[in-house]
Every structure is written in C-alpha cells, then in structure tokens.
Amino acid sequence: MRTHFISLARFLNTLSPSTINCACRHFPPSQSLLNSISQNRICRLKSHGRDSAVLSTSQHPLHIARSAPPSGTSRALTSIKHIRTLSSISTAMEKFSQYRDRGTQIAPFLEIPSPRTLAQLPLSITLLCLRLPFFLFLFIAYFGVLQWLPIGSLVRKACLWMILLVCGVWWVDLQVEGVRKGSLSKQSKKLPRAGTVIVSSFTSPIDILYLAAVFDPIFTASYPNTREIERLSLLPAIIRSLSPPLSQPPPGTKLIPLSRLLAENPNRSIALFPECTPTNGRGILRFSPSLDSTPENTPIFPISIRYTPADVTTPVPGWSTAGKFVWRLFSGGTHCVRVRIAGEIYNTPREERKRTYDGIEDEGYGEEVDENGYGSGSGAELKRRVGGAGGEEKEKPQSELCVKGGEALARIGRVKRLNLGVKEKMEFVQAWVKNKKGVWHRGDA
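Note that this is a predicted model, so its numbers are computed, not measured.

Caption draft 1: Looking closely at unusual backbone geometry. The omega torsion of the bond from threonine 308 to proline 309 falls at 0°, within 30 degrees of zero and hence cis. Relative to the helices and strands, proline 309 is located in the loop between strand 10 (300–308) and helix 11 (319–331). Although it is not a glycine, glutamine 105 sits at a positive phi angle of roughly 60°. For glutamine 105, the location among the structural elements is in the loop between helix 5 (72–93) and helix 6 (121–144). Although it is not a glycine, cysteine 276 adopts a positive phi angle of roughly 75°.

Right under this line is the structure:
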C-alpha cells in the first residue's frame, strides 16, 4: 500500500492544476482512494528550520474536505494537495533509508518520538521543575565528592539508586533466563559477579547508571577495529552514550586487553558494550572483536536493557539530543526498565575459530516483525552477511563468540541482529547533521 501510494503521489505531482481540474470534473476520486490516503500517518517534518504540513489520523484529506464545498472537484483538489505534501515528506524520508538494515528494514539510528501530547505539557513542566534541582544536587554531590571517598560499594549503590529514583525509574522488571520468578535468590550463580564479563546493550545513559547501581562493574569502551579496550570511570561512560561514534581510539588513549583487566581486578566484573555506539534499541549492531579477548572459562552474561516509553534512548549524538534526553527523562511520569539476563556463555577454543561465508544464510529474517519493529527472535544462527548498508564492500567475518553473544542479546531483547555497525552510524550522523533535522515515522522501524 505504501509503495503504490508514493508512486501515485509522484505521478500527481507532475500534473498541472488545469489537468487535475479537468480530470476531477470527469472522473471524481473514489472514496476508497481517499480512505487509503488517510491511513498513511505522517509525523512532523522540519526542513530548513520551518515546519511543514503535519498529517495525522485527525488531519487527513477526508477530515479537511468536510469544511470545503461537497463537490467532487473541491474534495479531490484538497486530497491531491495533501498527496503532494506526502510526496515531499516521503522523499525526505528516503534520505535516511540507506541507513536501514537491508534484511529487516529496521532503522536503529533514528530517534524515537515522545508519546506525550500537548495537553500533558503543564504537568511535564511541573515535573521537570521539581525533579531537576534534586537531580543536580545528587549528581554534583556524588561525582564531585562521594565517588572520591572510601565510602564502600553499598553506599555508592544507594546514592546511584537515589539518582535513578529522582529520574523517574521506579520500576525495574528483571528476568533471568532459566530462572523462575520468585526463585532468583536461590540462583545467585545466574547473575553477574566478580570475575565475570557483562555484555550489555547500549541505548541510553540510564544503562550505565543501572549497571553501576546493581553490579558496580568496571566500564570499558570498545572500538570496531581492535580487540583491546579502554577503561572508563562512571562519568566518562555516561558521556560516551551521548558522544559521536568513533572507529578508532583517539590519540593517546591507553588500551588494555580484557584478559589483563580481569586479572588486575579479580573482585570486580567488567562491563563491555560491543556495539560500540548507542542505538534506539530496535536491533543489535555488529559486535566489536573486543569480546574475543575474553579468557577461557570466564562466564559472559549478555544483558538487554529496554525502556517503556522508549523515548529516553540516545541514538543521535550531540547537545540537542542531550537536551531532549533531559526533558523526556524528567518531564515524564515513570520510566519502566525491562532487564533481561541471558544464560552465561564462554569463549571456548572452538568458538575462537573464524569462518568465512559466501552469502547470506539467516533463518531468523523470515520471521514477522511486530508493529514496533521488534522481531520475535534472531534466528538459529545469523551468519555474517556480505556488504554494508549499501553493499559496496565486504565485511570481515565475526567470530563465533561474537555471533553467539549477539544472538543471546537479540533473543532476550526480542529484537533482530542487524548488518550495521559503527561505519554506518558515522555516515548517518554526517547526513543527519547536514540535513539538520530527520524524519521519523512511528511504524517504519
């Protein structure tokens, strides 16, 4: 339906008004055509700093036509006018279509719009004014004073939980794979602990705060072209979730193998973000080879963190995204965090061997995707596909450990593994900055 609609819009856009007038007098548009137009909801498009027309379910051609004379010609002209608007919007949306995954058409780099309405604005402003001062006090007190004092892990976790509560994170839905609800206290070995590796999804600064408040790990930064990692403290890790993606570590960065970091800190767990850059949570990007340096027999726990509503994700870097994140975080009511922990996996010698594939063989990509863009699973084994977002060049095959870890994250998060990575994210950010504003359609990803 969407393809035919765009084709019709492009055709009508080439016709002159006199031709359209003549056609409407002799062949009035049918009701089914107008209904099909009204079913295509378009979000707001801001181009060159000016708002274009916005079409929703309450502002479609049939609704506007009611105020016009009841003739077929006037109603058709009104509909065609909005068809042309939809054509220009659809053309703008196609600017970022190359940054979608080719197999699933999921766009993991686009912002998710806020579900709040204009009627909720007074309440949102009130919540922001109440929460923000408390947050700033706690944030400055912790990162300016408390984290430098020998106060112990329990006190640090309590302070971080207070920050999360002020942010509106009052409910955490935690489920561990293979553990029934109510019996988690008897299955402590199913949770990350000292000497283990946490492989986490990367969508928001709240990811960092939650992991620090619960597991108190050592945070690291991964890069797509090296197995070594960069050790980060808590505040730089939060800033990294709002920063542009990096394909190489900055000059002067001290890198360290994961095995050495584990050996030097036997009483702490290590948090890895192998996707290397934040997404909107609708898919799992290609993994960095940093996971391959995990020592043998070291438990690896994949953890998926998702939010309801999902507008607190930060896939687009920059100060504007940081401002939107602060507004959405403090002006909303509550934010439900859904945490899923997969069963532990290991880096065995067999998984260290790499394989080269000549084509695409993904059993999971034939499954259906729900209305929010989340898949029902990731497939039995997603083998590395050939080519990038545009299919220009071949990517290096991933190790079996990276494939296994990516599949575990996709399975517990109920999303798809994507053939996108840091390279495509950097290209997307360049295009996004060049166009200033992007277009997001709720049902596209």
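Caption draft 2: Fine view of the pattern of salt bridges. Scanning the model with the defined rule gives 8 salt bridges in all. Glutamate 230 is the partner of arginine 240 in a salt bridge, and the nearest nitrogen-oxygen pair spans 3.4 Å. Taken together, the positions of arginine 240 in helix 9 (residues 234–240) and glutamate 230 in strand 6 (residues 229–232) put the pair 10 residues apart, joining distant regions of the chain. A relative accessible area of 14% means that glutamate 230 is categorised as buried. Across the pair arginine 260 and glutamate 264 runs a salt bridge whose closest N-O atoms are separated by 2.9 Å. Here glutamate 264 and arginine 260 lie together in helix 10 (residues 258–264), a separation of 4 residues that amounts to about one turn. A relative accessible area of 46% places arginine 260 in the partly exposed class.

Caption draft 3: Region of interest: the packing of helix 7 (residues 153–166) against helix 8 (residues 205–214). It is the contact of helix 7 with helix 8, at a shortest axis distance of 8 Å, that shows an interaxial angle of 145°. Taken as a pair, helix 7 and helix 8 cross one another with a handedness that is left-handed. Between helix 7, through Lys157, Leu160, Trp161, Ile163 and Leu164, and helix 8, the contact on the second element is made entirely by Ile206, Leu209, Tyr210, Ala212, Ala213 and Val214. When grouped by side-chain class, the residues that make up the contact of helix 7 with helix 8 number 10 nonpolar, no polar and 1 charged.

Caption draft 4: Broad picture of the sheet that holds strand 3 (residues 171–176). Read from one edge of the open sheet, 8 strands run 3-11-10-4-8-5-6-7, paired in mixed fashion. The open sheet has two edge strands with one neighbour each: strand 3 and strand 7 (255–256). The pairing of strand 3 with strand 11 (residues 336–341) spans 6 bridges and is classified as parallel. Along strand 11, the bridge assignment pairs leucine 174 with valine 339. Across the face of the sheet, helix 8 comes into contact with strand 3, strand 4 (197–200), strand 5 (218–221), strand 10 and strand 11 while running at roughly 125° to strand 10. Those strands touched by helix 13 (residues 400–413) are strand 4, strand 10 and strand 11, and its axis lies near 35° from that of strand 10.

Criteria and thresholds
Residues numbered from 1 in each chain as written. Predicted model: local features only at pLDDT ≥ 70, side-chain atom pairs only at ≥ 80, totals over all residues. Heavy atoms only, no water. Helix = DSSP H or I, 4+ residues; strand = E, 2+ residues; numbered from the N terminus. Salt bridge = Lys/Arg side-chain N within 4 Å of Asp/Glu carboxyl O. Buried < 20%, exposed > 50% of the residue type's maximum accessible area, 1.4 Å probe, protein only. Axes fitted to C-alpha atoms, helices over the stretch in contact; angles between N-to-C directions. Left-handed = near helix turned anticlockwise from the far one by under 90°. Contact = heavy atoms within 4.5 Å. Nonpolar A, V, L, I, M, F, W, Y, C, P; charged D, E, K, R; others polar. Pairing = 2+ DSSP bridges.

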